[in-house]
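Analysis of the macromolecular model
Okay, here's what each chain looks like letter by letter:
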Amino acid sequence: MEKLSVLTVSLFMIGGISWFFFGKKKGDSEKSPEEMIRKKEKLELDISGMHCAGCAAGIEGTLRNVPGIISVSVNFATSKGYFEYDATKISKEDIINKIKQLGYDASLNLEDFEKKSR
């Protein structure tokens, strides 16, 4: 009987170790219905009116909490903002308007950006 219990415990341990090393990877899990519907898009904006890196951090922090925004990166040195968003929840225009509500200006292309800064 003792041999049977040792064998059973050993098999469970081998199974657990095998699952740990060879089981599903983080990205292999099935997508939720929300993720399947998600329409992920990327957006690059020219942002004017920032005076320091704190301004860029403020834009990042505020927009990161907006529903539909997946990721945000604002670079003060280049006056660029990089956004990844769910187009089923938020539009490009909504993102631009949110930046304008914060007191900055945002544009989709450099020509518009240069015209506004003159």
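Since this is a predicted model, take the numbers as computed values, not measurements.

Looking at the pattern of salt bridges
Applying the stated rule across the entire model yields six salt bridges. With its nearest N and O atoms 3.8 Å apart, the salt bridge here joins Glu60 to Arg64. Residue Glu60 and its partner Arg64 are located together in helix α3 (residues 53–64), separated by four residues, close to a single helical turn. On the basis of relative accessible area, Arg64 is assigned to the partly exposed category, the value being 46%.

Considering the nonpolar core
If you look at the biggest cluster of nonpolar residues, it comprises 20 residues, and the most contacted ones within it are Leu45, Ile47, Phe83, Ile95 and Ile99. At the level of secondary structure, the elements contributing two or more residues to this core comprise β1 (40–48), α3, β2 (69–75), β3 (80–86) and α4 (92–101). Looking at this core element by element, the count peaks at four residues for α3. In contact with Leu45, other than residues within four places in its own chain, are Ser79, Lys80, Gly81, Phe83, Ile95, Ile96, Ile99, Ala106, Ser107 and Leu108.

Examining α3
The first and last C-alpha atoms of α3 sit 16 Å apart over twelve residues, in line with the 16 Å expected at 1.5 Å per residue. Cys55, Ala56, Ile59, Glu60 and Leu63 are the residues of α3 that are buried. Looking down the long axis of α3, one finds its buried residues gathered within 135° of arc, a one-sided arrangement.

Remarks on the side chain of Asp86
Tracing the backbone through its elements, the reader meets Asp86 in strand β3. The exposure class assigned to Asp86 is buried, which follows from its relative accessible area of 5%. At a separation of 3.2 Å, a polar atom in the side chain of Asp86 contacts the main-chain amide nitrogen of Lys39. Once residues within four sequence positions are removed from consideration, Asp86 is found in contact with Arg38, Lys39, Gly68 and Ile70.

Here we look at the pairing of β1
Note: β1 against β3, seven bridges, orientation antiparallel. Looking at the pairing, Leu45 lines up with Gly81 of β3. Where β1 meets strand β4 (residues 105–107), three bridges bridge the pair, whose relative direction is antiparallel. Looking at the pairing, Asp46 lines up with Ser107 of β4.

Analysis parameters
Residues numbered from 1 in each chain as written. Predicted model: local features only at pLDDT ≥ 70, side-chain atom pairs only at ≥ 80, totals over all residues. Heavy atoms only, no water. Salt bridge = Lys/Arg side-chain N within 4 Å of Asp/Glu carboxyl O. Helix = DSSP H or I, 4+ residues; strand = E, 2+ residues; numbered from the N terminus. Buried < 20%, exposed > 50% of the residue type's maximum accessible area, 1.4 Å probe, protein only. Core = buried A, V, L, I, M, F, W, Y, C linked by side-chain atoms within 4.5 Å. Contact = heavy atoms within 4.5 Å. Expected span 1.5 Å × (residues − 1). Arc of directions from axis to C-beta. Polar contact = N/O pair within 3.5 Å; in protein donor to acceptor, adjacent residues only side chain to side chain. Pairing = 2+ DSSP bridges.

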